[in-house]
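# Structural description and commentary
The chain contents come next:
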Amino acid sequence: MIGLLLLSTAGASMVFDRFVMKRSKITGLRVGEHKVEKGYLRIPFFFDTKFNRLKGATIEYTLRDAQFPTTVITGGRRTLEHSRAGSNCEYLDVATSKISTNGAWIVHVKIVHGDSFYNPLYRIFPWT
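### A closer look at the overall build of the chain
Regarding its fold elements, the chain presents two helices and eight strands. Here the chain, with 128 residues, has 29% of them falling under the buried criterion. Within the chain, counting contacts between residues at least 6 apart in sequence, those at least 24 apart form 62% of the total.

### Quick notes on unusual backbone geometry
Unlike most non-glycine residues, Lys38 shows phi in positive territory, near 50 degrees. Structurally, the position occupied by Lys38 is in the loop between strand S2 (35-37) and strand S3 (40-49).

### Focus: the side chain of Glu90
Inspection of the secondary structure puts Glu90 in strand S7 (residues 86-95). Looking at Glu90, its side chain comes within polar contact range of the side chain of Arg78, at 2.7 Å.

### With respect to the side chain of Ser83
Relative to the assigned elements, Ser83 resides in the loop between strand S6 (78-79) and S7. Classification of Ser83 as buried rests on a relative accessible area of 1%. Engagement of the side chain of Ser83 in a polar contact is seen with the backbone oxygen of Leu80, the distance being 3.0 Å.

### Notes on the nonpolar core
Judged by nonpolar contacts, the single largest core of 17 residues is most densely connected at Ile59, Leu63, Leu80 and Leu92. Broken down by secondary-structure element, the contributors of at least two residues to this core are S3, strand S4 (57-65), S7 and strand S8 (105-113). In this structure, Leu92 is in contact with Leu41, Arg42, Ile43, Phe45, Ile59, Tyr61, Arg78 and Val109, ignoring residues within four places of it in sequence.

### As for the packing of aromatic side chains
Considering all chains together, one arrives at one aromatic pair under this definition. When the ring of Phe45 is compared with that of Phe47, the centres are 5.9 Å apart and the planes differ by 20 degrees; the resulting orientation is stacked. Here Arg42 stacks its cationic end above the ring of Tyr91, 4.2 Å away from the centre of that ring.

### Focus: the pattern of salt bridges
Under the defined criterion, the tally for this structure stands at six salt bridges. Residue Glu37 is joined to Arg42 by a salt bridge in which the shortest nitrogen-to-oxygen separation is 3.4 Å. Each of the salt bridges in this network shares a partner with another, and the network as a whole consists of Lys35, Glu37, Arg42 and Asp93.

About the criteria used
- Residues numbered from 1 in each chain as written.
- Predicted model: local features only at pLDDT ≥ 70, side-chain atom pairs only at ≥ 80, totals over all residues.
- Heavy atoms only, no water.
- Helix = DSSP H or I, 4+ residues; strand = E, 2+ residues; numbered from the N terminus.
- Buried < 20%, exposed > 50% of the residue type's maximum accessible area, 1.4 Å probe, protein only.
- Contact = heavy atoms within 4.5 Å.
- Polar contact = N/O pair within 3.5 Å; in protein donor to acceptor, adjacent residues only side chain to side chain.
- Core = buried A, V, L, I, M, F, W, Y, C linked by side-chain atoms within 4.5 Å.
- Phe/Tyr/Trp six-rings, centres within 6.5 Å; stacked < 30°, edge-to-face > 60°.
- Lys NZ or Arg CZ within 6 Å of the ring centre and 35° of its normal.
- Salt bridge = Lys/Arg side-chain N within 4 Å of Asp/Glu carboxyl O.

Shape descriptors only; they carry no functional weight alone.
Right under this line is the structure:
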């Protein structure tokens, strides 16, 4: 009986954290104007969050050539653990040797929250 009560309390707190508190909610994801520095294409992206340290939140991005859509550059997944509450700005760096300067490239940025020490629901059902 006590085990069932503890299990249901833990489950309710995980659901409350995920859907009511929205601790990992990231809003306002947008990409800024790129610039070229020291052999890298630097693409800024901006996002807003309510909490410090998005532990387990990762970013992944792709660049797709608009003229040849089968040409795709996939960036490595990295953490957003150092973000702070409020507005944040980080950069995606892509070596200019990987891309041609002619033509247009389409940037797709996705943030996935799939890990939490306190709430295993994020591991079971990753949130984008």
